[in-house]
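Inside the fold
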Amino acid sequence: MPIDAAKAIAAEPRSAEITWDHKDVQLYHLGLGAGRPATDPDELRYTLESRLHVLPSFATVAGAGMGVVGGLSAPGIDVDLAAVLHGGQSITLHRPIPVKGRATSTSRVAAVYDKGKAAILVLRSEAADENGPLWTSDAQIFVRGEGGFGGERGPSARVEQPDREPDILVERAVREDQALLYRLSGDWNPLHADPEFAKLAGFDRPILHGLCSYGMTLKAVVDAVLGGDVTRVRSYRTRFAGVVFPGETLRMRMWAGEGGVQVSVTAVERDDAPVLADTLVETS
């Protein structure tokens, strides 16, 4: 069977040393669209090394890590990459991410869920430095055609959207070259750069990385709701509900409540087509 859930979960975790510094953080922030306007003091927190703070979603690109492709080569996992979708992403912050760091990243298959016609793999990466844990990152990978093996269905990650108008509505333009810049942080999938490859995958042009939309959304929440204070983010999770094309505009609807911010993200030019759903930023 292509997925041996017991074997995958029982496999020894893989560890690697990862490092980063201000250049990696700045490049990541620029890939999310930071720095517009370039001299705005609020944007300099993302772009100028003397004022730099680290957006928590940087955890998804810090160092080499296991990544989605690496996780799919774990023992017990043998799937067709064409059947794989990045279904969701979550991060939990144990303390603020430093501008410069050296840490050990430990990666494993944390769970395998049976959704009937598909399987869900939870690929978990945990990072810790000499001072203790930094973050835990879970990628939920949807594998079509690999369900029906009798496993647990897993928990529901659905977040009920408030039945009222959003407290804050923010729109963020995606630059035409944004995927080209974001991929320099480590995701070299040609789907995001090569028009011919994108057509083979069923798209008429390259699409934006889902984790770029993920990072853009967290930045918008930090800026619009949290007063620019990244240290208030405790965790952040979402479900990838649709694609984004470079040049489009993201519409982010935010509902602030006790302990967190719920967000819905859509693509303006495609009649509010869903982009991110079941999105929650837990805050202090």
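Our structure's up above, just so we're on the same page.
All values reported here derive from a predicted model rather than from experimental measurement.

The rules we used
- Residues numbered from 1 in each chain as written.
- Predicted model: local features only at pLDDT ≥ 70, side-chain atom pairs only at ≥ 80, totals over all residues.
- Heavy atoms only, no water.
- Helix = DSSP H or I, 4+ residues; strand = E, 2+ residues; numbered from the N terminus.
- Rg over C-alpha atoms; globule rule 2.2 N^0.38 Å.
- Contact = heavy atoms within 4.5 Å.
- Areas by Shrake-Rupley, 256 points an atom, 1.4 Å probe, with all protein chains shown as cover.
- Salt bridge = Lys/Arg side-chain N within 4 Å of Asp/Glu carboxyl O.
- Pairing = 2+ DSSP bridges.
- Axes fitted to C-alpha atoms, helices over the stretch in contact; angles between N-to-C directions.
- Phe/Tyr/Trp six-rings, centres within 6.5 Å; stacked < 30°, edge-to-face > 60°.
- Buried < 20%, exposed > 50% of the residue type's maximum accessible area, 1.4 Å probe, protein only.
- Lys NZ or Arg CZ within 6 Å of the ring centre and 35° of its normal.

Quick look at the overall build of the protein
- Check the secondary structure of the protein and you find 7 helices and 10 strands.
- Here the protein has a C-alpha radius of gyration of 18 Å; the compact-globule value for 284 residues is 19 Å, and the two agree.
- Considering only C-alpha atoms, the protein reaches an extent of 55 × 50 × 40 Å along its principal axes.
- Residue pairs in contact within the protein that sit at least 24 positions apart in sequence constitute 71% of those at least 6 positions apart.
- Roughly 13500 Å² of accessible area belongs to the protein as shown, and the carbon and sulfur atoms make up 51% of that amount.

Comments concerning the pattern of salt bridges
- Tallied over the full model, the rule gives 17 salt bridges.
- Between Asp 129 and Arg 95 there is a salt bridge; the shortest N-O distance is 2.2 Å. Note that Asp 129 is positioned in strand 4 (residues 118-129) and Arg 95 in the loop between strand 2 (84-93) and strand 3 (101-114), a separation of 34 residues in sequence.
- Residue Asp 272 is joined to Arg 253 by a salt bridge in which the shortest nitrogen-to-oxygen separation is 2.9 Å. Residue Asp 272 is found in the loop between strand 9 (260-267) and strand 10 (273-283), and its partner Arg 253 is found in strand 8 (residues 249-257); the two are separated by 19 residues along the sequence.
- The network of salt bridges with common partners includes Asp 42, Glu 43, Arg 45, Lys 219 and Asp 223.

Here we look at the sheet that holds strand 6 (residues 168-173)
- Pairing is antiparallel across the open sheet formed by 10 strands, whose spatial order is 1-3-4-5-2-7-10-9-8-6. Looking at the sheet topology across the chains shown, the edges are occupied by strand 1 (14-20) and strand 6. The average angle at which neighbouring strand axes cross in this sheet is 20°, direction not considered.
- Relative to strand 3, strand 1 runs antiparallel, the two sharing 7 bridges.

A few points about the packing of aromatic side chains
- Counting across every chain of the model gives 7 aromatic pairs.
- Ring geometry for Phe 203 versus Phe 245: centroids 6.5 Å apart, planes at 70°, classification edge-to-face. Within this pair, whereas Phe 203 is found in the loop between helix 6 (195-200) and helix 7 (210-224), its partner Phe 245 is found in the loop between strand 7 (233-240) and strand 8, the two being separated by 42 residues in sequence.
- Residue classification places Phe 203 among the partly exposed residues on the basis of a relative accessible area of 23%.
- Through successive ring pairs, a cluster of aromatic residues spans Trp 20, Tyr 28, Phe 58, Trp 135 and Tyr 182.
- Directly above the aromatic system of Phe 245 lies the positively charged group of Arg 205, at a separation of 4.1 Å from the ring centroid.

A closer look at the pairing of strand 8
- In terms of strand pairing, strand 6 meets strand 8 through 6 bridges, oriented antiparallel. Paired with Val 170 across the bridge in strand 8 is Met 252.
- Strand direction decides the pairing type here: strand 8 and strand 9, joined by 8 bridges, are antiparallel. Bridge pairing in strand 9 links Arg 251 to Thr 266.
- Taken together, strand 8 and the strand that follows it, strand 9, pair antiparallel across an intervening segment of 2 residues, in which Gly 259 is found at a positive phi of about 85°.

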